[in-house]
Amino acid sequence: MTLSPVLDENIHYLKEILPLDTSFDLMTRDLNLGRTKAFFLGVNGFCKTEILQQIISDLQNPLYMQDDSVTDILQYMNSKIGYAQASLTGSWDDILRNVLSGPSALFIDGFDQAILIDVRTYPARSIAEPDLERVTRGARDGFVETLLFNANLIRRRVRSTDLVFAMHSVGTASKTDVAIAYLEKNVSPELLEKLSRAVDSLQVTSLTMGARSLEELLLHKRWWNPLPCIQMTERPDVACSYLLEGHILILVDNSPLVLILPCTIFQFTQSPEDYYKSPAVGTYFRMVRFFCIPVSLLLLPLFLLATAHYPDFALEAGLLSEEGLTPQRLLFYVLAVEFLLDLFKYSSSLSSGKFSGSLSIVGGLIIGDIAVTLNWASVDVLFYAAVTLLASLAITDTEFSDAIRLYRILLILAAGLGALPGFLACLALVLVSVATTPTFGGYSYFWPLFPFHGKALGRLLFRDPTPKAQPSRVWDRGKPHS
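Residues numbered from 1 in each chain as written. Predicted model: local features only at pLDDT ≥ 70, side-chain atom pairs only at ≥ 80, totals over all residues. Heavy atoms only, no water.

## So, the overall build of the protein chain
Each helix and strand counted, the protein chain has 15 helices and 10 strands in total. Taking 2.2 N^0.38 as the reference for a compact globule, 482 residues should give roughly 23 Å; the C-alpha atoms of the protein chain span a radius of gyration of 29 Å, well beyond that estimate. Counting only C-alpha atoms, the protein chain reaches 100 × 50 × 40 Å along its principal axes. Element-wise, carbon and sulfur atoms account for 60% of the exposed surface of the protein chain, whose accessible area totals about 25,000 Å². (Helix = DSSP H or I, 4+ residues; strand = E, 2+ residues; numbered from the N terminus. Rg over C-alpha atoms; globule rule 2.2 N^0.38 Å. Areas by Shrake-Rupley, 256 points an atom, 1.4 Å probe, with all protein chains shown as cover.)

## Section: helix α1 (residues 7-17)
Among the residues of α1, those classed as buried are L7, N10, I11 and L14. Looking down the long axis of α1, one finds its buried residues gathered within 100° of arc, a one-sided arrangement. Seen from the buried face of α1, the exposed residues on the opposite side, beyond 90 degrees, are D8 and E16. Tucked into the core, α1 has its buried residues touching β1 (26-33), β2 (36-43), α4 (92-101) and β4 (104-108). (Buried < 20%, exposed > 50% of the residue type's maximum accessible area, 1.4 Å probe, protein only. Arc of directions from axis to C-beta. Contact = heavy atoms within 4.5 Å.)

## Quick notes on the layout of surface pockets
Looking at the second largest pocket, its volume works out to about 510 Å³. Surrounding the second largest pocket, 17 residues form its lining, D118, R120, Y122, L148 and M167 being those nearest its centre. Elements supplying a minimum of two residues to the lining of the second largest pocket: α4 and α5 (147-157). Residue composition of the lining of the second largest pocket, by class: 6 nonpolar, 5 polar and 6 charged. (1 Å grid on protein atoms, 1.4 Å probe; cavity = no way out; pocket = protein on both sides within 12 Å on 5 of 7 lines; lining within 4 Å. Points joined across faces, edges and corners; volume = space filled by probe spheres on them. Nonpolar A, V, L, I, M, F, W, Y, C, P; charged D, E, K, R; others polar.)

## A closer look at the sheet that holds strand β8 (residues 231-233)
Across a sheet, strands are paired by hydrogen bonds formed along the backbone, either parallel or antiparallel in direction. Taken in spatial order, the 5 strands line up as β6-β7-β9-β10-β8 in an open sheet, and their pairing is antiparallel. A strand with exactly one partner marks an edge of an open sheet, and here the two such strands are β6 (163-170) and β8. Ignoring strand direction, the axes of neighbouring strands in this sheet form an average angle of 25°. Direction of pairing for β6 relative to strand β7 (residues 176-183): antiparallel, over a ladder of 8 bridges. If you follow M167 over to β7, its bridge partner there is A179. Each of β7, β8, β9 (248-252) and β10 (258-261) is contacted by helix α7 (residues 211-218), which is oriented at about 130° to β9, the strand it contacts most. (Pairing = 2+ DSSP bridges. Axes fitted to C-alpha atoms, helices over the stretch in contact; angles between N-to-C directions.)

## Remarks on empty space enclosed by the protein
Under the definition given, this model contains 2 cavities of 30 Å³ or more. The calculated volume of the largest cavity comes to roughly 60 Å³. Contributing to the lining of the largest cavity are L300, E338, L341, D342, A385, T388, L389, S392, R405 and R408. Mapped by element, the contributors of at least two residues to the lining of the largest cavity are α11 (327-350), α13 (379-394) and α14 (398-435). Considered class by class, the residues forming the lining of the largest cavity number 4 nonpolar, 2 polar and 4 charged.

## Here we look at the nonpolar core
L195, L214, L218, I248, I250 and F440 are the most contacted members of the largest nonpolar core, which has 27 residues in total. Of all the secondary-structure elements, those providing two or more residues to this core are β7, α6 (189-200), α7, β9 and β10. Ranked by the residues each element gives to this core, the list is headed by α6, at 5 residues. Once residues lying within four places of it in the same chain are set aside, the contact partners of I250 are V178, A179, L195, L214, L218, L257, V258, L259 and L261. (Core = buried A, V, L, I, M, F, W, Y, C linked by side-chain atoms within 4.5 Å.)

## As for the sheet that holds β2
Strand order in the open sheet formed by 5 strands is β1-β2-β4-β5-β3, and the pairing between neighbours is antiparallel. Both edges of this open sheet fall to β1 and β3 (86-89), since each of them pairs with a single strand only. Strand after strand, the sheet turns through a mean of 25° between neighbouring axes, direction not considered. Where β3 lies against strand β5 (residues 114-117), 4 bridges are found, and the strand directions are antiparallel. If you follow S87 over to β5, its bridge partner there is L116. Its contacts with the sheet put α1 on β1, β2 and β4, and the angle it makes with β2 is roughly 20°. Together, β1, β3, β4 and β5 form the strand contacts of helix α3 (residues 73-80), whose direction differs from that of β3 by roughly 170°.

## Brief notes about the environment of F450
Along the chain, F450 turns up in the loop between α14 and α15 (454-461). Note on F450: relative accessible area 54%, which makes it exposed. Here the alpha-carbon distance between F450 and G478, two residues 28 residues apart in the chain, equals 9.5 Å.

## Notes on unusual backbone geometry
Each neighbour pair has its own omega, and for W447 with P448 the value is 10°, a cis peptide bond. Its location among the elements puts P448 in the loop between α14 and α15. Residue F450 is joined to P451 through a cis peptide bond whose omega torsion reads -5°. Take P451: it is sitting in the loop between α14 and α15. In this model, N254 sits at a positive phi of 70°, which is unusual for a non-glycine residue. Of note, N254 is situated in the loop between β9 and β10. In this structure, A419 takes a positive phi of about 55° despite not being glycine. Note that A419 resides in helix α14.

## Comments concerning the pattern of salt bridges
Where charged atoms of side chains with opposite charge meet at close range, the side chains can pair. A complete count under the given rule lists 15 salt bridges for this structure. Measuring nitrogen to oxygen at the nearest pair gives 3.4 Å for the salt bridge that ties D94 to R97. Of this pair, D94 and R97 are both found in helix α4, 3 residues apart, which corresponds to roughly one turn of the helix. We classify R97 as partly exposed; its relative accessible area is 28%. Through salt bridges with shared partners, a single network forms among E129, R134, R140, R235 and D237. (Salt bridge = Lys/Arg side-chain N within 4 Å of Asp/Glu carboxyl O.)

## As for helix α9 (residues 279-309)
Along its 31 residues, α9 runs 44 Å from first to last C-alpha, staying within 8% of the 45 Å computed at 1.5 Å per residue. Of all the bends in α9, the greatest reaches close to 40° and is centred on L298; the proline P301 follows between one and four positions later. (Expected span 1.5 Å × (residues − 1). Bend = angle between axes of the 7 residues up to and from the residue.)

Right, here's the structure in full:
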């Protein structure tokens, strides 16, 4: 639908579709540009008041407004509105989408176009280091809930003429701004085209949870695939490193999370901490994180399997210090401790920072000691559960760690109830679940292990010195699955 050249008709239409008389945050002004009538529309709080006051004051200044009337709206905009970001549009959809996003609109009588003046400003928190991706050294900035700020953080690090931020709008009600960032010379054209079509074809009311909602809309996972399919980060340095390797970034307004496509399982084992240390130290801690994945997954189930069904072997190996525990009792111990540790971790993450440390440490000591005294747990189970928890915390990606926890609970139940055959059968199902994890674009979830790429795999396993960590070209991932 297009504008009418009659100003009163445009004002009447605005009053029909917008609550101009009832919503306090919608600003309107009747203006006189010489002998030409005009109407201003904006959202209070989204506009820089000082700049708007200066623009409106200049437009109505008799010395500034020497013409009696406006005869050419394009020439008027170019010569009279000194603010840099101003444009013309004749579409109501563009006007409403822009005004509700922040820019203001100026309607002038006699023209079927409006002037959009982008003087927006958003309430935003300060840029700080993300809590879940901290490093001992390095940059302390992180993405925030304002898309423009996030784009600036990326542009500040990647000052390339090939860097593109393609804007899209998602949600019939929210009309959330979604930006797809990529380097033209590095990106896969097929993946970029598929992603752009997928974003434009989304038929949803709103992105309630920002980037998280968009992730679930882009890639539909089955319930037996708990592993993450798209990597998310709040660190600009991490996002830019993937961008330079040919990945695509998705920025969602009102969300500090940036999505990285395509995704492989090895991306969830990487940490920026490795590159703020020497290559030898970074490689060592990377190996430690790789080792923590099987420890987090298998330590408790194997302990339960050995102690519950092979007690003689467990006593000889020193796995269990107490005799006479039945398999049912051991299964109860392991499940109870698993639940208590998860409860401590969850409650400490949601509590205030002033109390989370003391809550997790003191609470764990007190309840652990009482649980042993009341015969609800044993010291051996508490030890192996604590090692498992530490291994889980060493995994950098929390969503990946949570998926490992679900697999671990299934293996515990299978080992406790089904002995060795049940454990092996459940382990096979876990491997099938991991192998069938989908990825956007159909690329292999296990690249560069499958299809095999030796140099890329070595780069993931070992922390190379910076001169060698600069690929001359984008890695070839092979053809995506159909």
